[in-house]
Amino acid sequence: MRYVFIVFIFFVFFAQCKEKTKSSKYGCEKSIYDEPPGPPMTFSFNSNQKFYLKMGVDSTKDTLALTTYNNLIYYRNNSNKVFIDYVSVTRYSKYKHSKPFILSGEVLLKSYFNGIKQFYIDWPDGSTDSLYADFILDNSKDNSCCCQYPLKSLKLNSMTYTEKLEFDKYGIYLFD
């Protein structure tokens, strides 16, 4: 019986000495999980109507094509337009008239990996907007999104986003 008691005390003591998981001031906990190489950069407008106008869609019928647009976002390499692959238009939920948004992992990749921060959007309505996206690599994940690629700055036509919807750890950034 005495031997069982000593073994019990040893295990209790050993469990107390085990290193505790520490979280940062942001509440992040270190993990072995690495994010995919192309996590999404997502943005939209506060008004669905503005998004529909930019996409050249009749907002009363909501005929927005939820698909990949390979000729929408680009950056300049010398004087050439280099279009970003896999720019998708999707919705916040499966219902019509829910928040449509643009999703692109390659903007995030080009921003932190290649140092490209200035992008442009050739909207289907014929207008062009500038998009400044500044993502960095942070393997500590000790930042406000507890993510590997935190956003330092995101601007559309030199205007900062006004709101961030909770969607995933990166969120959906909304502009006026």
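### Digging into the overall build of the chain
- Across its full length, the chain carries three helices and eleven strands.
- For the chain, the residues scored as buried account for 39% of the 176 residues in total.
- Considering only intrachain contacts with a sequence separation of at least 6, the fraction spanning at least 24 residues in the chain is 51%.

### So, the sheet that holds strand S11 (residues 172-175)
- Spatially, S4-S5-S1-S11-S10 is the arrangement adopted by the five strands of the open sheet, whose pairing is mixed. Each of the sheet's edge strands pairs with one partner strand only, and the pair in question is strand S4 (88-91) and strand S10 (163-165). Averaged over all neighbouring strand pairs, the angle between strand axes comes to 35°, with direction disregarded.
- The pairing of strand S1 (residues 41-45) with strand S5 (residues 100-104) spans three bridges and is antiparallel. Considered in S5, the bridge of Thr42 is made with Leu103.

### Overview of the packing of aromatic side chains
- All told, the structure shown has ten aromatic pairs when counted by the stated rule.
- Measuring from ring centre to ring centre gives 6.2 Å for Phe43 and Phe175, while their planes differ by 80°; the resulting arrangement is edge-to-face. Of this pair, Phe43 sits in strand S1 while Phe175 sits in strand S11; the two residues are 132 residues apart in sequence, bridging distant segments of the chain.
- With centroids separated by 5.2 Å and ring planes inclined at 55°, the aromatic side chains of Tyr74 and Phe83 adopt a geometry described as tilted.
- Overall, the relative accessible area of 2% leaves Tyr74 in the buried class.
- Residue class for Phe83 comes out partly exposed when judged on its relative accessible area of 27%.

### Quick look at the confidence of the model for the chain
- Per-residue pLDDT for the chain has a mean of 80; in total, 78% of the residues score no lower than 70.
- For the chain, helix H1 (residues 2-17) is the element with the lowest average pLDDT, namely 51, and strand S6 (residues 118-122) is the one with the highest, namely 96.

### What to know about the environment of Arg76
- Looking at the secondary structure, you find Arg76 in strand S2 (residues 73-77).
- Residue Arg76 is classed as partly exposed on the basis of its relative accessible area of 44%.
- Between the C-alpha atom of Arg76 and that of Tyr120, which follows or precedes it by 44 residues, the distance is 8.4 Å.
- Among all residues touching Arg76, those that are not within four sequence positions of it are Lys81 and Tyr120.

### Things to note about the pairing of strand S7 (residues 128-135)
- Relative to S7, S6 runs antiparallel, the two being bridged by five bridges. Paired with Asp122 across the two strands is Thr128, which belongs to S7.
- As paired elements, S7 and strand S8 (residues 151-156) share five bridges and run antiparallel to each other. Note that in S8 the partner of Asp134 across the bridge is Ser153.

### Let's talk about the sheet that holds S8
- The six strands lie next to each other as S3-S2-S6-S7-S8-S9, forming an open sheet whose pairing is antiparallel. With one partner strand each, in any of the chains shown, strand S3 (80-83) and strand S9 (159-160) form the two edges of the open sheet.
- Against the sheet, helix H3 (residues 105-113) makes contact with S2, S6 and S7, and its axis sits at roughly 55° relative to S7, the strand it touches most.

### A few points about H3
- Within H3, burial applies to Gly105, Glu106, Val107, Leu108, Lys110 and Ser111.
- Along its buried surface, H3 packs onto S1, S2, S5, S6 and S7.
- Taking the backbone nitrogen of Glu106 as reference, a side-chain oxygen 3.5 Å away marks Ser104 as the first, capping residue of H3.
- At the C-terminal side of H3, Gly115 shows a positive phi close to 75°.

About the criteria used
Residues numbered from 1 in each chain as written. Predicted model: local features only at pLDDT ≥ 70, side-chain atom pairs only at ≥ 80, totals over all residues. Heavy atoms only, no water. Helix = DSSP H or I, 4+ residues; strand = E, 2+ residues; numbered from the N terminus. Buried < 20%, exposed > 50% of the residue type's maximum accessible area, 1.4 Å probe, protein only. Contact = heavy atoms within 4.5 Å. Pairing = 2+ DSSP bridges. Axes fitted to C-alpha atoms, helices over the stretch in contact; angles between N-to-C directions. Phe/Tyr/Trp six-rings, centres within 6.5 Å; stacked < 30°, edge-to-face > 60°. pLDDT = per-residue confidence, 0-100. Polar contact = N/O pair within 3.5 Å; in protein donor to acceptor, adjacent residues only side chain to side chain.

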